[in-house]
Amino acid sequence: MSTAEIIAEKDALLLKKDQQIEQLQFQYKQVLKLLYGSKTERFISNTEDASQLHLFNQDEQGQSEEKQTEQISYERKRPSKKHPGRHPIPDHLPVVEQTIEPQGGTEGLVKIGEEVTQTLDYTPASLIKRITIRPKYINKETETIHIAASPDRFMEKGIAEPGLLAHLVVNKYVDHLPLYRQAKQFARDFNWQVSTNTLNNWMRYICDRFEPVYESLHQQVLTSTYIQVDESPLKVLERKEQKSKGKSPPSQKKRMIGYQWVYMSPEHKSVYFEYRKGRGMHGPKETLADYVGYVQCDGYKVYDKLARQESGIRLIGCLAHARRKFYEAKDSDPKRSKYAMVIFKRIYHLDSQYAREDLSVNNQRLEMRHTKMKAEYENLLNWIKEESTHVLPKSPIGKAMNYFQAQYSKLIGCLDRGDLHIDNNWVENKIRPLALGRKNYLFAGSHNGARWIAMMYSFFGTCYMHNVNPREWLIKAMEQMTHTKIEDYADLLPGKLVV
């Protein structure tokens, strides 16, 4: 081997080592950020670069090139009263008035006014013992007994009424308070002893009764022509049978990783969580088997395979995922990262100028997307194609560029319609309660428990999108369910049921 070949081989080996070191340093910084750093991805460009001036129009360029200063002075009236500094106390709250008369009595005095002070107090919620009495009468002539019919109840053979059941469910799935902690609260505050097994049985009963409503929500989401999809892991305890000689096989619970798949319809303002034991293609393929429309997702390869098999699905990419990779590369390659981030900021600014609810505004947005936004996407793509030849493919900035190029055909899918979002942030926001819940109850006790989580997160996420109080909706749905036919359970969904 010649000297030149030896040197070339060593240079290649050093280059490979440098790439590995850079990648490990990047991973180390990401771990430190997750442990101790801020989770925000906010980007503020506080410096200007001549190479970036093409992002803005000529007027803006002129302003940036010719910086002028002037001194501004003005007079302002002193406000007559200070800003209150706090939100007003709501008028609908119960009121307890207290009148304090002056010491020494008021005989001979004339009232000229009063000083009123409003404060807030708290009275703990209370359990109520409901007693239903049905008098029995007899007709002495016919000896027939007359008694009122027993009222319909959501839980016929249990002592829990809808108010108590809704309290348990909302505490667990909205406020993330496990059932065993709620049992301790009942014992502490009301001296009422209830076992966790009883509460679990009540929860199982509720979920069984609401299964048709859950399926109606599933169908409602899939009737939309545009949905957003994402998935999130969940630890689940799975019972495993072990072989044992001479004895009945004992059971042992083993922790596994399941997944909550989330399907959200911006059109219907509804969200559907579906629990699956894995992250493979089987789940979304079964759920979206007959779906026709747009599916917005990240770059997970399962969605690409699904779209190839299901001809009715048109994939749309998530700009937030593409942007995030450039943001994460800002420490290793600040100049290139900043350049891309400025373009992302420009795209988001263009999109934020229009509201999605108005159809006429959607038409205006669509026109804007085909003119201004499309040009920004193309500028970014052309810049990446040129710059990608000067960066290491496995470096953070190289991976960001490769991801954008691979996802580009899906990222520009939002240009098809004015009501399509440019990112998947809406559905990601719906997954956040799942992350909060994991910190409190750590894992689901079984696969059934994971499915209950999916069901209640679906209902309460939809309540949130319709600005409906989840406790009030659940109570009303339980009351209506006693005299609603199963085929009409779709009328009980949040947004349809008047609370």
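The coordinates are above.
Residues numbered from 1 in each chain as written. Predicted model: local features only at pLDDT ≥ 70, side-chain atom pairs only at ≥ 80, totals over all residues. Heavy atoms only, no water.

Student: Outline the packing of aromatic side chains, supporting the account with residue identities and numerical values.
Tutor: Taken as a whole and judged by the stated rule, the model has 19 aromatic pairs. When the ring of F186 is compared with that of W192, the centres are 5.1 Å apart and the planes differ by 70°; the resulting orientation is edge-to-face. Exposure remark for W192: the relative accessible area of 22% places this residue in the partly exposed category. Relative to Y272, the ring of Y263 has its centre 6.3 Å away and its plane inclined at 35°; by these criteria the two rings are tilted. Y263 sits in the buried class, given a relative accessible area of 0%. Grouping aromatic residues by their ring pairs yields a cluster made of F154, Y205, F210, Y214, Y263, Y272, F459 and W473. Residue placement shows K172 over the ring face of Y173; its charged tip is 5.4 Å from the ring centre. Residue placement shows K330 over the ring face of Y327; its charged tip is 4.3 Å from the ring centre. (Phe/Tyr/Trp six-rings, centres within 6.5 Å; stacked < 30°, edge-to-face > 60°. Buried < 20%, exposed > 50% of the residue type's maximum accessible area, 1.4 Å probe, protein only. Lys NZ or Arg CZ within 6 Å of the ring centre and 35° of its normal.)

Student: Describe unusual backbone geometry, naming the residues involved and giving the relevant values.
Tutor: Positive phi, close to 60°, is recorded for H176, a residue that is not glycine. Positionally, H176 belongs in the loop between helix 3 (162-173) and helix 4 (179-190). The phi torsion at N467 lies on the positive side, around 55°, for a residue other than glycine. Relative to the elements of secondary structure, N467 occurs in the loop between helix 14 (447-465) and helix 15 (470-481). (Helix = DSSP H or I, 4+ residues; strand = E, 2+ residues; numbered from the N terminus.)

Student: Can you explain the pattern of salt bridges? Please cite residues and give values.
Tutor: Under the counting rule described, the total for this entry stands at 15 salt bridges. The partner of E274 in a salt bridge is R276, with the nearest N and O atoms 3.2 Å apart. The class for R276 is buried, based on a relative accessible area of 16%. Ionic pairing is found between D351 and R365, a salt bridge with its closest N-O pair at 3.5 Å. Linking D351 in helix 10 (residues 334-351) with R365 in helix 11 (residues 359-387), this pair joins segments that are 14 residues apart in sequence. Pair check on accessibility: D351 and R365 agree, each one buried. Shared partners join several salt bridges into a network, and the residues in it are E274, R276 and E286. (Salt bridge = Lys/Arg side-chain N within 4 Å of Asp/Glu carboxyl O.)

Student: Give me the environment of R204: which residues, what numbers.
Tutor: Inspection of the secondary structure puts R204 in helix 5 (residues 196-209). With relative accessibility at 38%, the residue R204 sits in the partly exposed group. Along the sequence, R204 and G449 sit 245 residues apart, while their C-alpha atoms lie 8.7 Å from each other.

Student: Go over helix 6 (residues 211-222), please, and point to the residues and values.
Tutor: Here helix 6 spans 17 Å end to end across twelve residues, near enough to the 16 Å set by a 1.5 Å rise per residue. The complete set of buried residues in helix 6 reads V213, Y214, S216, L217, H218, Q220, V221 and L222. (Expected span 1.5 Å × (residues − 1).)

Student: Which residues make up the pairing of strand 7 (residues 313-316), and what values do they have?
Tutor: Relative to strand 7, strand 6 (residues 293-296) runs parallel, the two being bridged by four bridges. Across the sheet, residue V295 finds its bridge partner in strand 7, namely L315. (Pairing = 2+ DSSP bridges.)

So yeah, pure geometry; function would need other evidence.
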